[in-house]
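Structure at a glance
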Amino acid sequence: MTPAFIGIGSNLNDPIRQVEAAFELLDAMDGARLFARSSLYRSEALGPVDQPRYINAVALLHTTLDSRELLNGLQDIEDFQGRKREVRWGPRVLDLDLLVHGDQDINEPGLKVPHPGIAYRNFVLLPLREIAPDLVIPGLGRLEDMAIDENEPPISRVQDQEDC
């Protein structure tokens, strides 16, 4: 089994429900099991499009799937939950990103692992550090050595649904 870390984000159609459903669907994937999940985090959206805040989290899967198979499975889950790919960095029902897949360093058309920009996104680093503080990210180093700015963009842990 290979450990794989999945970034989860939603800012449409009851984002907390979308993220919780994503955890369940990840655990139900053939060839993968949910091993750990982070808390939920609320963060401001990145990008040029005015949009609602996101709910973000990270899941740790143990999987027998290779990176391409896992990515295809993630896209199937996005589609199942109603993801529309219309506006780059725009609002979305669900976004699932393959962040890390074992010790692989992949740079192929349509597949880059570790995920590009992982070291600069606090909405990925905070939940990732919560469930895997000792993680070594291929090509980037130890997660615990990476600086995380909780103010840019602003981010906070969701305590309950009223926080959203």
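Throughout what follows, the structure given in this document is the object of discussion.

What counts, and where the lines are drawn
Residues numbered from 1 in each chain as written. Predicted model: local features only at pLDDT ≥ 70, side-chain atom pairs only at ≥ 80, totals over all residues. Heavy atoms only, no water. Helix = DSSP H or I, 4+ residues; strand = E, 2+ residues; numbered from the N terminus. Rg over C-alpha atoms; globule rule 2.2 N^0.38 Å. Buried < 20%, exposed > 50% of the residue type's maximum accessible area, 1.4 Å probe, protein only. Contact = heavy atoms within 4.5 Å. Areas by Shrake-Rupley, 256 points an atom, 1.4 Å probe, with all protein chains shown as cover. Salt bridge = Lys/Arg side-chain N within 4 Å of Asp/Glu carboxyl O. Core = buried A, V, L, I, M, F, W, Y, C linked by side-chain atoms within 4.5 Å.

**Observations regarding the overall build of the protein chain**
On a plain count of helices and strands, the protein chain comes out with three helices and 10 strands. Listed by position from the N terminus, the elements making up the protein chain come as β-α-β-β-β-α-β-β-β-α-β-β-β. Taken over the C-alpha trace, the protein chain has a radius of gyration of 15 Å; the compact-globule value for 164 residues is 15 Å, and the two agree within 12%. C-alpha atoms of the protein chain, sized along the principal axes, occupy 35 × 35 × 30 Å. Expressed as a percentage of its 164 residues, the buried residues of the protein chain come to 46%. Considering only contacts within the protein chain whose residues lie at least 6 apart along the sequence, 66% involve residues at least 24 apart. Total accessible area computed for the protein chain in this model is approximately 8600 Å², and 47% of it derives from carbon and sulfur atoms.

**Observations regarding the pattern of salt bridges**
Counted under the stated rule, the structure contains seven salt bridges. Its salt-bridge partner being R17, residue D14 comes within 3.6 Å of it at the nearest N-O pair. Note that R92 is salt-bridged to D95, the shortest N-O span being 3.2 Å. Both residues of the pair, R92 and D95, count as buried. A cluster of three or more residues bridged by salt bridges with shared partners is formed by R142, E144 and D145.

**Brief notes about the nonpolar core**
Ranked by size, the top nonpolar core spans 28 residues in total, and within it I6, I8, L26, L40, L70, L96 and L98 carry the most contacts. Of all the elements in the fold, those that place two or more residues in this core are β1 (2-10), α1 (15-28), β4 (54-63), α2 (67-80), β5 (95-101) and β7 (111-113). The greatest single-element share of this core, amounting to five residues, is contributed by α1. Excluding anything up to four places from it in sequence, I6 contacts L26, A57, V58, A59, L61, L70, L74, L96, D97, L98 and L99.

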